[in-house]
Amino acid sequence: MASAANTNLNAVRETMDVLLEISRLLNTGLDMESLSICVRLCEQGINPEALSAVIKELRKASETLKASENCTN
Amino acid sequence: MATLDQKSPNVLLQSLCCRITGKSEAEVAHQFQYAVRVIGSNYAPTIERDEFLVSEKIKKELLKQRREADAALFSELHRKLQTQSVLKHRWSVLYLLLSLSEDPRKPSSRVGNYGALFAQALPRDAHSTPFYCTRPQSLALGYGERSAALSASVGTSGISSLGVYTLNGPTATPQSLLAGQPPQSAAGGGQPLGSRLAWALPVSCSPSSALAPLTTRPALGPPVPSSRVVRPRRDGEVSEAALVRDILYVFQGIDGKFIKMSAQDNCYKIDSKVVLCKSLRDTSSRLAELGWLHNKVRKYTDARSLDRAFGLVGQSFCASLHQELKEYYRLLSVLHSQLQVEDEQGVIVCSESTLTLRRLLVWMYDPKSRLKTLAALVDFCQGRKGGELASAVHSYGKTGDPQMRALVQHILSLVSHPILNFLYRWIYDGELEDTYHEFFVASDPNVKTDRLWHDKYSLRKSMIPSFITMDQARKVLLIGKSINFLHQVCHDRTPPGKITPASKSADTPKDAAELLSDLEGAFQEKIDAAYFDTSKYLLDVLNRNYLLLEHLQAMRRYLLLGQGDFIRHLMDLLKPELVRPATTLYQHNLTGILETAVRATNAQYDNAEILKRLDVRLLEVSPGDTGWDVFSLDYHVDGPIATVFTRECMGHYLRVFNFLWRAKRMEYTLTDIWKGQMCNAKLLKTMPELSGVLHQCHILASEMVHFIHQMQYYITFEVLECSWDELWNRVQQAQDLDHIIAAHDMFLDSIISRCLLDNNSRSLLTQLRAIFDQIIEFQSAQDSLYRSALEELALRLQFEEKKQQREDEGQWGVTAEQEAEEKKRIQEFQDTIPKMRSQLRILTHFYQSIVQQFLVLLMTSTDESLRFLSFRLDFNEHYRAREPRLRASLGANWGRRPSNI
């Protein structure tokens, strides 16, 4: 039982590594944690198109936020 | 972190928001709400759920960026990923990564990409266009190709069904509205998208605007002169932007601020109070026509789509109109959001890329012509439904404009889909599911099964779509009718699949479209195959299980007196019965006689199935009739074969039988007469005073015999056998039941008309009847003659005998009184002879005059074989010598048609 869980954990880790590598290749700008969140969301059947739209939007928002902060600073 | 536990998406989303913005939960509440809304909007994914396609796309992407090594590395990683079974939605993750990917060579841009927003606004699962069905746009294409495909999907959304035409055609479509286009394509001037896009980019564009593809737009044609910007603005004049906004509303049929629906002119008009320069006013009124067109189409669909009685065809017509309208709305929504963006960014930033009326005019050119076509269609289809509607749409497809043709073709394929569905159900299952009477086959529920073939189903001429020929429609009707006939009348329960092996075809809408484009070939073949199989099966069943051909032959043998020995024997047996008055006849006696006749002749070897249908029938008795007048054979038909032998047919058969029976009886009578003459000739030799009368009798009798023989020859060989041969050939070659029925009807018709039973030859028939009557009369006259002669003969013999006896006894042979008495009696007898002679002479005269009249009628008849009959009857010109009219008409005939002789 424990070993099964272990192999499963290993498999998960390996998968995440591979995905991280692909993400790096494609220059998505996602770090490990965001990627894992995204993967989990995808696994729950969320539309990847929508998700990517959200991420882009969030990035844009944070950009503008930062810019405004810079301005105020 | 690495465990994929099942947290709720919202929690995950929130942490994602925090992670990306780098803020705490409270700070990102706004973004989080937005994210939840977008994710929760739950529109259908517009991409292929195919991992392979996505991975191919990624590889292409990498290759595009000239990173072959990375591409190889990616395939390696992807393979590794595939070996793991942790992820269930690999494609989804990959797609996410792909859409987030950025070309490292390009300056990073994480702002202002509205592509995703547009992707939301315009889910690209366009279903109205055949083009989309065949070519999912998420397929990895080259950039140029891909952008073109995208432009076709978005830019031309109002004209979606154009298919390939738009792709390569010079259509001026708003290229800038490429939704979802990765930013680098906009900046990539060297990409194969073409120089059009490249040079259209404003040179002075800031990087940010270049990266937001929505704000950059290729000018269509030479750059618009920018005089508009510097043009001095009069007081109170409406700005063009406001007009554009108005126009966009008007496009959807909503009144704008300045442009309103004018009730009396029935068009959209700019408020006359508004101050506006003429060109703008002109342009906007031209654009406003779209609104009117849109309203027209919209009104039609709104009115019809809830009307159930409008039928399936009508519904699908409405649906296709709706689809086109949806495409149109899609375009409008793109324009709207464009306007939104401009508002946000301020129009001043890039004046050359804003929406102007002129640009709208160009962009809306195609949608306008499409809407025009739709409006015309709607007008034309008003009040039509079903097949009629399809015909109307089809007639609109005959235009030289390929785009319009494609549009109409597309609508037609949708409209005709229900019709083809009906058609397939009908020809493969024989079922008519036509609740709204749209199909061109109509069924009359009041008709009982015995008239099913003839009356139950009919063609609705008006509902035959114009792309189906009359011939095809008739075949279709026949196929379904045959199936129903098999089921309901023949009680044949063979599943339709066994009759027609071709029935397993899939009837998808694509199928319908294909059939429409290739109506001559595949469709015809399908119908032909179904027609051939079904008809053949039906004929097989009729022949095998219901002995149709045997029944046909039985009709000929019994009702048309083909079976000579049987008829002769029947007549022999019936003769004593039939001379009695008709009222004393009883059917059961006659039936018994019929049985006897059957058993005694070759008829006994016939099929029991046939013999049991044979029956006697007594016609209606009118006073003075003898049994000969009312007797008739009958043949019972029921079930499937009654379809061929209908009630009218049997009526005809009975009439023909009656005629033939009468003619046969004449023959029979004459045989009797001749027999009497032969038997009595020797006996009466001893009475020389009779020889004259007897001679007269013989002459008349042989005249009659000649006449009847020729008549019989004509009826048997020229009428019955010829027609029968024709019928038999036709029946052997018949492909469907209708052919058999037609051949049989023709057979009966020709027999009826050539046996002089139809209306045209009524006078001939009356003459013939009179001749027959003369024969009967002659028979009775001769009978009485012979009777009295034989009586006289017997008396004389008796007298002689007595005389001899007395002489033997040694007495006087005769006394004087006896002799005187004998003499007186002989004298009396001899006195009757002139009376007989004159009676015979009258008879002969009468007979001959009737025959002559008959011959005159024959001569003048139009039927060739009847004229030949007259030659045969008067072969030695016996009658011609007596009748001047015959000479005249013969001469006239000789002169008129020498070819006949």
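No experiment lies behind these values; they were computed from the predicted model shown. (Residues numbered from 1 in each chain as written. Chains lettered and ligands numbered in written order. Predicted model: local features only at pLDDT ≥ 70, side-chain atom pairs only at ≥ 80, totals over all residues. Heavy atoms only, no water.)

Engineer: Where do I start with the overall build of chain A in this structure?
Structural biologist: Per the secondary structure count, chain A includes 3 helices and 0 strands. Along chain A, helices (α) and strands (β) appear in the sequence α-α-α when read from the amino end. A burial count over chain A gives 51% of its 73 residues as buried. Counting only carbon and sulfur atoms, one obtains 52% of the accessible surface of chain A, whose full area is about 3300 Å². (Helix = DSSP H or I, 4+ residues; strand = E, 2+ residues; numbered from the N terminus. Buried < 20%, exposed > 50% of the residue type's maximum accessible area, 1.4 Å probe, protein only. Areas by Shrake-Rupley, 256 points an atom, 1.4 Å probe, with all protein chains shown as cover.)

Engineer: Got a minute to help me understand the overall build of chain B in this structure?
Structural biologist: Along the backbone of chain B there are 38 helices and 6 strands. Residues counted as buried form 50% of the 901 residues belonging to chain B. Counting only contacts in chain B whose residues sit at least 6 apart along the sequence, the fraction spanning at least 24 positions is 73%. Entry remark: accessible area of chain B is about 43100 Å², with carbon and sulfur atoms responsible for 54%. (Contact = heavy atoms within 4.5 Å.)

Engineer: It is not clear to me how the pattern of salt bridges should be interpreted in this structure. Could you clarify?
Structural biologist: Pairing between side chains becomes possible if they bear opposite charge and their charged atoms approach one another. All names here are of chain B. Enumeration over the complete set of coordinates arrives at 35 salt bridges over all chains. Across the pair Arg730 and Glu726 runs a salt bridge whose closest N-O atoms are separated by 3.7 Å. Within this pair, Arg730 and its partner Glu726 are both found in helix H32 (residues 691–733), separated by 4 residues, close to a single helical turn. Residue classification places Glu726 among the partly exposed residues on the basis of a relative accessible area of 40%. Look at the salt bridges and you will find they share partners, linking Glu689, Glu792, Arg796, Glu822 and Arg825 into a network. (Salt bridge = Lys/Arg side-chain N within 4 Å of Asp/Glu carboxyl O.)

Engineer: Is there a simple way to think about the packing of helix H15 (residues 278–305) of chain B against helix H16 (residues 311–345) of chain B in this case?
Structural biologist: Packed helices, taken two at a time, are described by the angle their axes make and the gap between the axes. Residues and elements named next belong to chain B. Axis separation between H15 and H16 bottoms out at 10 Å; the angle between their running directions is 145 degrees. Between H15 and H16 lies a crossing whose hand is left-handed. Across the interface between the two elements, Leu290, His294, Val297, Arg298, Tyr300, Thr301, Arg304 and Ser305 of H15 pack against Gln315, Phe317, Cys318, Leu321, His322, Leu325, Tyr328 and Tyr329 of H16. Here the residues of the contact of H15 with H16 are counted per class, giving 9 nonpolar, 5 polar and 2 charged. (Axes fitted to C-alpha atoms, helices over the stretch in contact; angles between N-to-C directions. Left-handed = near helix turned anticlockwise from the far one by under 90°. Nonpolar A, V, L, I, M, F, W, Y, C, P; charged D, E, K, R; others polar.)

Engineer: How do you make sense of the interface of chain B and chain A when you look at a structure like this?
Structural biologist: Interfaces are often sized by the accessible area lost when the parts come together. Chain B puts 65 residues into the contact, and the matching count from chain A is 51 residues. Buried surface at the junction of chain B and chain A, summed over both partners, amounts to about 5600 Å²; 70% is from carbon and sulfur atoms. Along the contact surface separating chain B from chain A lie 0 salt bridges. Applying the counting rule to chain B against chain A returns 2 residue pairs in polar contact (both at pLDDT 80 or more). Counting residues per element, the ones that place at least two in the side of chain B that touches chain A are helix H1 (9–21), helix H2 (29–40), helix H3 (51–64), helix H4 (68–83), helix H5 (90–100) and helix H6 (115–121) of chain B. Among the elements that make up the side of chain B that touches chain A, the one with the highest residue count is H5(B) (10 residues). A class-by-class count of the residues in the side of chain B that touches chain A yields 38 nonpolar, 15 polar and 12 charged. (Buried area = accessible area lost by both parts, 1.4 Å probe. Polar contact = N/O pair within 3.5 Å; in protein donor to acceptor, adjacent residues only side chain to side chain.)

Engineer: How should I be thinking about the nonpolar core in this particular structure?
Structural biologist: General note: in soluble globular proteins, nonpolar side chains tend to be found buried as a group. Counting 199 residues, the largest nonpolar core has Leu360(B), Phe440(B) and Phe566(B) as its most contacted members. The element that contributes the greatest number of residues to this core is H32(B), accounting for 16 residues. Those residues in contact with Leu360(B) that lie beyond four places of it in its chain are Val244(B), Ile247(B), Phe251(B), Leu287(B), Leu335(B) and Leu355(B). With 50 residues, the next largest nonpolar core counts Leu19(A), Leu41(A), Val54(A) and Leu13(B) among its residues. (Core = buried A, V, L, I, M, F, W, Y, C linked by side-chain atoms within 4.5 Å.)

Engineer: Please clarify how the environment of Ile775(B) should be interpreted in this entry.
Structural biologist: Residue and element names in this part refer to chain B. You can see Ile775 is positioned in helix H34 (residues 762–808). Residue classification places Ile775 among the buried positions, given a relative accessible area of 0%. Filtering out sequence-adjacent residues up to four positions away, Ile775 remains in contact with Met666, Leu670, Ile673, Met704 and Ile708.

Engineer: Please clarify how the environment of Thr671(B) should be interpreted in this entry.
Structural biologist: Residue and element names in this part refer to chain B. The residue Thr671 is located in helix H31 (residues 647–683) in this model. In this structure Thr671 comes out as partly exposed when scored by relative accessible area, which is 31%. Spatially, the C-alpha atoms of Thr671 and Val705 are 8.4 Å apart, while their sequence positions differ by 34 residues.

Engineer: Can you help me understand the pairing of strand S2 (residues 267–270) of chain B in this one?
Structural biologist: Within a regular strand, the side chains alternate between the two sheet faces. Residue and element names in this part refer to chain B. Covered by surrounding structure in S2 are Tyr268 and Ile270 only, the residues Cys267 and Lys269 on the alternate face being uncovered. As defined by bridge partners, strand S1 (residues 259–262) adjoins S2 across 4 bridges and the pair is classed as antiparallel. Across the sheet, residue Met261 finds its bridge partner in S2, namely Tyr268. Hairpin geometry of S1 and S2 is characterised by an intervening segment of 4 residues between the two adjacent antiparallel strands and by a positive phi of about 55 degrees at Asn266. (Pairing = 2+ DSSP bridges.)

Engineer: So what exactly am I meant to see when it comes to helix H26 (residues 548–559) of chain B here?
Structural biologist: Given 3.6 residues per turn, any residue in an α-helix points the same way as the ones three and four places further on. Residues and elements named next belong to chain B. Taking 1.5 Å of rise per residue, the 12 residues of H26 would be expected to cover 16 Å, and the 16 Å separating its terminal C-alpha atoms lies within 8% of that figure. Most of H26 is tucked away: 9 of the 12 residues are buried. What H26 keeps buried is the set Leu548, Leu549, His551, Leu552, Ala554, Met555, Arg557, Tyr558 and Leu559. (Expected span 1.5 Å × (residues − 1).)

Engineer: What is the right way to look at helix H27 (residues 564–578) of chain B in this model?
Structural biologist: All names here are of chain B. The sharpest bend along H27 reaches about 35 degrees and sits at Asp572, with the proline Pro576 one to four residues further on. Restricting attention to buried positions, one finds in H27 the residues Phe566, Ile567, Leu570, Met571, Leu574, Glu577 and Leu578. The secondary structure elements touched by the buried residues of H27 are H26, helix H28 (587–600), strand S5 (614–618), helix H30 (627–630), strand S6 (631–635) and H31. (Bend = angle between axes of the 7 residues up to and from the residue.)

Engineer: Looking at this structure, how should I read the state of the cysteines?
Structural biologist: Linking two cysteines covalently via their sulfur atoms produces the bond known as a disulfide. What the rule picks out here adds up to 0 disulfides over all chains. No disulfide involves Cys42(A); its sulfur sits 6.6 Å from the nearest other cysteine sulfur, which is in Cys38(A). (Disulfide = S-S within 2.5 Å.)

Engineer: What is the right way to read the packing of H31(B) against H34(B) from this model?
Structural biologist: Residues and elements named next belong to chain B. Between H31 and H34, whose axes approach to 10 Å, the crossing angle comes to 25 degrees. The angle between H31 and H34 places the two elements in the roughly parallel class. Between H31 and H34 lies a crossing whose hand is left-handed. (Parallel < 35°, antiparallel > 145°, perpendicular 65-115°, else oblique.)

Engineer: Would you explain the packing of aromatic side chains in this entry?
Structural biologist: Centre distance and the angle of the planes are the two values used to describe a pair of aromatic rings. Residue and element names in this part refer to chain B. Evaluated as defined, the whole model comprises 18 aromatic pairs over all chains. Between Tyr300 and Phe310 the ring centres are 6.4 Å apart and the planes differ by 75 degrees, which places this aromatic pair in the edge-to-face class. Of this pair, Tyr300 sits in helix H15 while Phe310 is found in the loop between H15 and H16, placing the two residues 10 residues apart along the sequence. Overall, Tyr300 belongs to the buried group, its relative accessible area being 3%. Judged by its relative accessible area of 6%, Phe310 is buried. With 4.5 Å between their ring centres and 40 degrees between their planes, Phe439 and Phe440 make a pair best called tilted. Taking relative accessible area as the criterion, Phe440 reaches 0% and is therefore assigned buried. (Phe/Tyr/Trp six-rings, centres within 6.5 Å; stacked < 30°, edge-to-face > 60°.)

Engineer: Just to check I follow, could you spell out the side chain of Gln782(B) for this structure?
Structural biologist: Mapped onto the secondary structure, Gln782(B) falls in helix H34. Once residues lying within four places of it in the same chain are set aside, the contact partners of Gln782(B) are Ile673(B), Gln677(B) and Cys697(B).

Engineer: Help me understand unusual backbone geometry, please; the structure alone is not making it clear to me.
Structural biologist: Glycine aside, negative phi is the norm for most residues, and most peptide bonds take the trans geometry. All names here are of chain B. Here the phi dihedral of Leu547 falls at roughly 50 degrees; this positive angle occurs in a residue that is not glycine. Structurally, Leu547 can be placed in the loop between helix H25 (519–546) and H26. Given the relative accessible area of 17%, Leu547 is considered buried. Its identity as a non-glycine residue notwithstanding, Leu756 has a phi of 65 degrees, on the positive side. Note on placement: Leu756 falls in the loop between helix H33 (737–754) and H34. A residue is classified by how much of its surface remains accessible, and Leu756, at 2% relative accessible area, is buried.

The values reported here are purely geometric and, on their own, carry no functional implication.
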